[in-house]
Amino acid sequence: SGNGTAIISLVNSSFYGPGDTVYIASDTQDELTRAIKSINGNSVILNDAIPTKYTVLDNTRFYKDLT
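The rules behind the values
Residues numbered from 1 in each chain as written. Predicted model: local features only at pLDDT ≥ 70, side-chain atom pairs only at ≥ 80, totals over all residues. Heavy atoms only, no water. Pairing = 2+ DSSP bridges. Helix = DSSP H or I, 4+ residues; strand = E, 2+ residues; numbered from the N terminus. Salt bridge = Lys/Arg side-chain N within 4 Å of Asp/Glu carboxyl O. Buried < 20%, exposed > 50% of the residue type's maximum accessible area, 1.4 Å probe, protein only.

Draft legend 1. Structural detail: the pairing of strand β2 (residues 21-25). Pairing of β2 with strand β3 (residues 32-40) involves four bridges; the strand directions are antiparallel. By the bridge assignment, I24 is partnered in β3 with L32. Of the pairings in the sheet, the one linking β2 to strand β5 (residues 61-63) comprises three bridges and is antiparallel in character. Pairing of Y23 across the sheet is with Y63, part of β5.

Structure below.
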């Protein structure tokens, strides 16, 4: 769930890198677009915060487009 910060903890961050464009999607909220500023272990630091209204209960997802 979003906590109003720009940091997301992932189980495995190896598929992401600084500069990647990523998306945050939810069943009930508008899709967000962010960029990865840096990665520290499995913590991904984005260029903008994720609002608290993006929750696990609303099936919020974090992904990047590989096409």
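That shown, we press on.
Draft legend 2. Molecular detail of the pattern of salt bridges. The final tally for this structure, using the stated rule, is three salt bridges. In this structure, R61 and D27 form a salt bridge, with 3.1 Å as the shortest nitrogen-oxygen distance. Highlighted residues: R61 in strand β5 and D27 in the loop between β2 and β3, separated in sequence by 34 residues. Between R34 and D48 there is a salt bridge whose closest N-O contact spans 3.9 Å. Taken as a pair, R34 in strand β3 and D48 in the loop between β4 (43-46) and β5 lie far apart in primary sequence, 14 residues in all. For R34, a relative accessible area of 12% translates into the label buried.

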